[in-house]
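# Per-entry structural report
Letter by letter, the chains look like this.
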Amino acid sequence: MDCKFVPSVCPYCGTGCGVLFEVVDGKLVGTLPLKSHPVNQGKLCIKGWNIHEFVNSFLRLKQPLIKMFGRFVKAEWDETIDFAAERFKEIIEEHGPDSVGVLVSAKTTNEENYLGQKFARAVIGTNNVDHCARL
Amino acid sequence: MQAQVSQWLEEGKIDIFIGYKNLDGHIIPHCFSSDNLNEIKDLRSGREHYALEKVATRIAAQDPDLKIGLLLARKCNQQALNVLYVWNQLDPERIEIIDDSNNAAESPEPGEGELPFKKLMGLSKTLIPEDLEGLSQAELFPRWMYEFSKCLKCYGCRNICPVCFCKECSLEHKELVGPGMLPPEIPIFHLVRASHMAGRCIDCGLCEEACPADIPLRLLYRKVGEIVNDLFTYETGESHELSPFSMLGDKVTLEPKPI
């Protein structure tokens, strides 16, 4: 029996509570609040307490889906990225770069959010950058 | 402590030892086994407290034959173990303990940094049941309701509780506690839990520490424990027999002491 505890940060909202994952035989079986974490001081909300459930959920998306003929079809990452890039190019050529907006999120890291706005400004060429909390 | 544990692991007296280690300044629980004997030097005790008994219960449920070693960092750990033995969640013959509770630092005094508003409207975490005896119901009821109304329904009190092990929890039973409301149905949500803590709660204080709404749960469960002790002379965590609230088995144990 291999049992270990892995400290991490709750992925739900932007607060950044410390969590401790209980891993038994390589499977995530429980979530505990990290007592010594300065942000949450050993407390969690119901979403944080149940992180292990969505990680192991059978409904979890493990690969990208492309909507074709009104239905979502499982696809590979390379294929999906090519498809998305192709469609973005078409839309930008036809309607201009301001027809595209980029929404960043509190659930991603600071660096990922930076990349998000960089992608919007430098690659697509728009200032349409907003945050999911304002939706 | 380290030498003792590594000796036990090498001899095969235990298969796994649950203690603490220091990881980047955080004292977190860690399982030591013969596969990672070189990590045994990291084993330490600490004032941070997690419910190691609960970890042991979960491991034992998966593999009942496993011999588990446990670090007792606080006095309540032993009481929690006694309750789990009594309720057949752990087998005392498969548990070895190292008692380090005498060296453990006392847990911080509750109620530090409490807002004055809480003193005015609610109940301070520093109170003990005796403090409430002089107060009238008309005074106490709104105070308790104020505390309960803050509940986020995070189930943290149940999830962290070392003696909560039921597969089906009454708190999630829609006939007992109505679903889909925030705050949950009060005071029934908290009273259902309080009544289930009778004869089980060992007053470790983990629920209160985990409560994001600062509800004085310990005060509530202490009172429940006092009632159990007054009525049935049952000392939760000290006694080696089933609590008077056991409804399973072939004999009824619910017998109040003669008045």
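This structure is a prediction, so every number in the text was calculated from the model and none was measured.

Rules and cut-offs
- Residues numbered from 1 in each chain as written.
- Chains lettered and ligands numbered in written order.
- Predicted model: local features only at pLDDT ≥ 70, side-chain atom pairs only at ≥ 80, totals over all residues.
- Heavy atoms only, no water.
- Pairing = 2+ DSSP bridges.
- Helix = DSSP H or I, 4+ residues; strand = E, 2+ residues; numbered from the N terminus.
- pLDDT = per-residue confidence, 0-100.
- Axes fitted to C-alpha atoms, helices over the stretch in contact; angles between N-to-C directions.

It is worth spelling out the pairing of strand β5 (residues 71–74) of chain A at this point. All names here are of chain A. As paired elements, strand β4 (residues 65–68) and β5 share four bridges and run antiparallel to each other. Bridge pairing in β5 places M68 opposite R71. In this antiparallel pair of consecutive strands, β4 and β5, the connection spans two residues, and F69 shows a positive phi of 55°.

Before going further, it helps to spend a moment on the confidence of the model for chain B. All names here are of chain B. In this model, chain B carries a mean pLDDT of 82, and residues with pLDDT of at least 70 account for 89%. Mean pLDDT across the elements of chain B bottoms out in helix α4 (residues 116–121) (75) and peaks in helix α6 (residues 156–160) (91). Interface confidence in the predicted complex, given as ipTM, is 0.81; pTM for the same model is 0.81.

A few words on the environment of Q137 of chain B. Counting through the fold element by element, Q137 of chain B comes out in helix α5 (residues 137–149). Residues Q137 of chain B and F189 of chain B lie 52 residues apart in sequence; the distance between their C-alpha atoms is 20 Å.

All names here are of chain B. In spatial order, the strands read β2-β1-β3-β4; together these four strands make up an open sheet with mixed pairing. Each of the sheet's edge strands pairs with one partner strand only, and the pair in question is β2 (26–33) and β4 (95–99). Averaged over neighbouring strand pairs, the angle between their axes works out to 35° when direction is ignored. Strand direction decides the pairing type here: strand β1 (residues 16–23) and β2, joined by eight bridges, are antiparallel. In the sheet register, Y20 faces β2, and the bridge partner there is P29.

All names here are of chain A. Pairing is antiparallel across the open sheet formed by three strands, whose spatial order is β1-β2-β3. What marks the edges here is a single partner per strand, and that holds for β1 (3–9) and β3 (27–33). For this sheet, the mean inter-axis angle between neighbouring strands, taken without regard to orientation, is 30°. By the bridge criterion, seven bridges tie β1 to strand β2 (residues 18–24) in an arrangement that is antiparallel.

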